[in-house]
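Residue strings, one per chain:
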Amino acid sequence: MNNHQELLKLKKYVTMVLVNGIVAVLSFTCIFPIIWMFYSSLKSQKEFALDTVGLPKILRFGNYLQALEEGKLMGYFSNSMFNTVITVAIVLVVAYVTAYCLARYHFRGRNTIYYLFLSGMLIPIYALLIPIFIEFKKLNLLNKKFTLILPYIAFAMPTAIFLMESYVKTIPIELEEAAYIDGCGMVRTMFAIIMPICKPVMATTAILTFLHTWNEFPLALVLIRSNRLKTMPIGLTNFVGTYTVNYPLMMAALVISTLPVMIMYFLFYNQIMKGMVAGAVKG
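Residues numbered from 1 in each chain as written. Predicted model: local features only at pLDDT ≥ 70, side-chain atom pairs only at ≥ 80, totals over all residues. Heavy atoms only, no water.

## Digging into the environment of Val-201
Summarising the element assignment, Val-201 is placed in helix α10 (residues 199-215). Its relative accessible area of 1% is what places Val-201 among the buried residues. Here the alpha-carbon distance between Val-201 and Tyr-167, two residues 34 residues apart in the chain, equals 6.9 Å. (Helix = DSSP H or I, 4+ residues; strand = E, 2+ residues; numbered from the N terminus. Buried < 20%, exposed > 50% of the residue type's maximum accessible area, 1.4 Å probe, protein only.)

As structure tokens, then:
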């Protein structure tokens, strides 16, 4: 009997080691590119060409200043930040109000509206590049400060509404009924009672919208021609020459470009995990 129990314990231990080992390997494959990008940004171009994986012999932090100056990244950085902050703010407010109404009110055409929003998640951005360009050209909306914000909001809304509508449905309606009895109107109930409960899913929506907007490339490439309005993903192409690529400077620029996303993710990590779990379970 003791031998049987020991065999079970050994089997359980071996299984645990194997599972943890596989998870550790997969985690390393996700983390290593970030680490490699960082220490590669501290190499010289010659050192990178001779050994792409090895550690730098001398830490060249001046690559970051050189990347900022030669790539003119500050202007691109501020443009991306402007587009991203405005897009996230508008998407959060509009998507929350829309999702609340869809989750709490049943009216004619409600399902049609909901599925129309969901269908937006199925349309690839590349399929709409030419139609959007033609429409914006006719409306004289190209090369404007707000040009990219309009399509960014449109593409972010379906996912945001889907997440928030699913989450609002998990909140007991008795909370709103109690608020109405206490004299709260619909607007006050929506923003003072329900909205604070939706913080996890709003954090999830914010980081997903931030990530999509910050890294967006095709729309920024097609709709913007002026250098003063170009975004970070477009600015990174400045380090690619006709015949050569300055990889250390490009890595430095990528690190600078990645920092805002990483900072936002770590700040809202707990809220994002709660939102992803709770939003997937309907009460």
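Back to the text.
## Some words on a nonpolar patch on the surface
Nonpolar side chains collect at one region of the surface, where Leu-7, Leu-10, Tyr-13, Val-14, Met-16, Val-17 and Leu-18 lie side by side and expose about 700 Å² of accessible area between them. With respect to the helices and strands, the residue Val-14 is situated in helix α1 (residues 2-40). (Patch = residues over 30% accessible without salt bridge, like charges linked within 9 Å, V, L, I, M, F, W, Y side chains within 5 Å. Areas by Shrake-Rupley, 256 points an atom, 1.4 Å probe, with all protein chains shown as cover. Salt bridge = Lys/Arg side-chain N within 4 Å of Asp/Glu carboxyl O.)

## Details of the environment of Asn-143
With respect to the secondary-structure elements, Asn-143 resides in the loop between α6 (129-138) and α7 (149-169). In the structure, Asn-143 is positioned 77 residues away from Ala-220 in sequence and 9.8 Å away in space, judged by C-alpha atoms. Look past the residues within four positions of Asn-143 in its chain and what remains in contact with it is Leu-223, Ile-224, Arg-225, Ser-226 and Leu-229. A polar contact is formed between the side chain of Asn-143 and the backbone nitrogen of Arg-225, at a distance of 2.5 Å. (Contact = heavy atoms within 4.5 Å. Polar contact = N/O pair within 3.5 Å; in protein donor to acceptor, adjacent residues only side chain to side chain.)

## Quick word on the pattern of salt bridges
Here the structure, examined in full by the defined rule, presents 4 salt bridges. Across the pair Glu-47 and Arg-60 runs a salt bridge whose closest N-O atoms are separated by 3.1 Å. Taken together, the residues span a long stretch of sequence, with Glu-47 in helix α2 (residues 45-50) and Arg-60 in the loop between α2 and α3 (62-70) at a distance of 13 residues. For Glu-47, a relative accessible area of 16% translates into the label buried. Residue class for Arg-60 comes out partly exposed when judged on its relative accessible area of 29%. Taking the shortest distance from any N to any O, the salt bridge between Lys-169 and Glu-165 comes out at 3.1 Å. Separated by 4 residues within a single helix, Lys-169 and Glu-165 lie in helix α7, roughly one turn from each other.

## Quick notes on unusual backbone geometry
Leaving glycine out, the prevailing phi sign among residues is negative, and the prevailing peptide bond configuration is trans. Despite not being glycine, Lys-72 shows a phi value in the positive range, around 50°. Position of Lys-72 among the secondary structure elements: in the loop between α3 and α4 (73-104). Taking relative accessible area as the criterion, Lys-72 reaches 60% and is therefore assigned exposed. You will see that Asn-140, though not glycine, has its phi angle at about 60°, which is positive. On the secondary structure map, Asn-140 appears in the loop between α6 and α7. Asn-140 sits in the exposed class, given a relative accessible area of 54%.

## Things to note about the packing of aromatic side chains
In this structure the tally under the stated criterion is 9 aromatic pairs. Aromatic pair Tyr-100 and Tyr-105: ring centres 6.4 Å apart, planes at 65°, arrangement edge-to-face. By relative accessible area, Tyr-100 is classed as buried at 0%. Members of the aromatic cluster, connected to one another through ring pairs, are Tyr-96, Tyr-100, Tyr-105 and Phe-191. Directly above the aromatic system of Tyr-114 lies the positively charged group of Arg-110, at a separation of 5.0 Å from the ring centroid. Positioned over the ring face of Phe-82 is Lys-145, at 4.9 Å from the centre of the ring. (Phe/Tyr/Trp six-rings, centres within 6.5 Å; stacked < 30°, edge-to-face > 60°. Lys NZ or Arg CZ within 6 Å of the ring centre and 35° of its normal.)

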